[in-house]
Every structure is written in C-alpha cells, then in structure tokens.
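Residue strings, one per chain:
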Amino acid sequence: AELAPGASAEEIAAHVVKVNVFAGMERLLVYSEPIREKVKNGEVQLHGAVYDITTGKVEFLGQHPRLPLILGMQAGLINTDKSLEAIAESAAQGA
C-alpha cells in the first residue's frame with residue numbers, strides 16, 4: 001500500500017521499514033536457489049515480520065505480495081551464461 005499525501009514522519013518511517021523487509025525477502029528468493037526452490041516446491045514458506053524494539057511486539061507481514069512473479073524468474077539478476085570474470089572483462093571493455 002502506498003502512503004497518503006501528507007503522511008507523517010512516523011508513517012513514512014514505518015512504511016520504509018516494511019518496504020525494506022519485502023526487499024530483503026525478494027533478495028533471498030532471487031539470489032538463493034535452494035531457498036527459492038524450497039518455496040516453489042511448497043517445502044518452506046518465507047514470511048516477513050517487523051520487530052518493535054521498544055514494545056517487543058512483532059508485526060507479521062506475511063509472504064511477499066509479488067511471490068508468484070518472483071518465483072517465476074529463472075536465474076534472478078545474474079547472467080549464468082558467463083563467468084564473473086567474463087562479465088567484469090566485458091564491462092571494462094565497454095561491451
């Protein structure tokens with residue numbers, strides 16, 4: 001959910017924390033093939049949560065709202081057809 005115009009600093013901070021949780025979940029799913037495969041196969045569920053250090057309460061956010069889209073990605077953002085050295089070499093040559 002997006003923030004309403006004129007949101008307070010506290011509302012903005014709370015929103016940023018939740019966005020960060022979902023971004024971390026997405027990175028796990030994109031870059032960790034073992035986790036991605038277990039989630040895809042239904043062996044594991046990945047849920048986000050926010051811990052409030054002042055109250056000790058945990059707000060559970062559930063699964064990533066774009067989970068089906070993320071799981072549909074093949075190899076994530078890394079080009080698996082080239083070694084890291086070849087990618088770095090291509091970038092250095094401007095290719």
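Residues numbered from 1 in each chain as written. Predicted model: local features only at pLDDT ≥ 70, side-chain atom pairs only at ≥ 80, totals over all residues. Heavy atoms only, no water.

A.B. asks: Which residues make up the overall build of the chain, and what are the values?
C.D. replies: Of the regular secondary structure elements, the chain holds four helices and two strands. Order of helices (α) and strands (β) in the chain, N terminus to C terminus: α-α-β-β-α-α. Across the 95 residues that make up the chain, the buried fraction comes to 19%. In the chain, of all internal contacts separated by at least 6 residues, the share reaching a separation of at least 24 is 48%. (Helix = DSSP H or I, 4+ residues; strand = E, 2+ residues; numbered from the N terminus. Buried < 20%, exposed > 50% of the residue type's maximum accessible area, 1.4 Å probe, protein only. Contact = heavy atoms within 4.5 Å.)

A.B. asks: Explain the nonpolar core to me, and be specific about the residues and the numbers.
C.D. replies: Counting 12 residues, the largest nonpolar core consists of Val-21, Phe-22, Met-25, Leu-29, Val-30, Val-39, Leu-46, Val-50, Leu-61, Leu-67, Ile-70 and Leu-71. Sequence-distant contacts of Leu-29, defined by excluding residues within four places in its chain, comprise Ile-35, Arg-36, Val-39, Leu-46, Leu-67, Ile-70 and Leu-71. (Core = buried A, V, L, I, M, F, W, Y, C linked by side-chain atoms within 4.5 Å.)

A.B. asks: Residue-level account of the environment of Phe-60, with values.
C.D. replies: When you line up the elements, Phe-60 lands in strand S2 (residues 58–62). As a C-alpha pair, Phe-60 and Ala-49 span 11 residues in sequence and 4.2 Å in three-dimensional space.

A.B. asks: Quick rundown of the confidence of the model for the chain? Include the residues and the values.
C.D. replies: Detailed reading of the predicted model is not advised wherever pLDDT is low. Residue-level pLDDT values for the chain average 83, and 76% of them are 70 or greater. Averaged pLDDT values for the elements of the chain fall to 58 in helix H4 (residues 84–92) and rise to 97 in strand S1 (residues 48–51). Within the model, pLDDT remains below 50 along residues 75–84, and this stretch shows nine contacts once partners closer than five positions in the same chain are excluded. (pLDDT = per-residue confidence, 0-100.)

A.B. asks: Let's hear about the pattern of salt bridges: which residues, and what values?
C.D. replies: This structure, assessed with the given rule, holds three salt bridges. The shortest N-O distance in the salt bridge between Glu-26 and Arg-66 comes to 2.7 Å. On the criterion of sequence distance, the pair formed by Glu-26 in helix H1 (residues 9–31) and Arg-66 in the loop between S2 and helix H3 (67–72) is long-range, its members being 40 residues apart. (Salt bridge = Lys/Arg side-chain N within 4 Å of Asp/Glu carboxyl O.)

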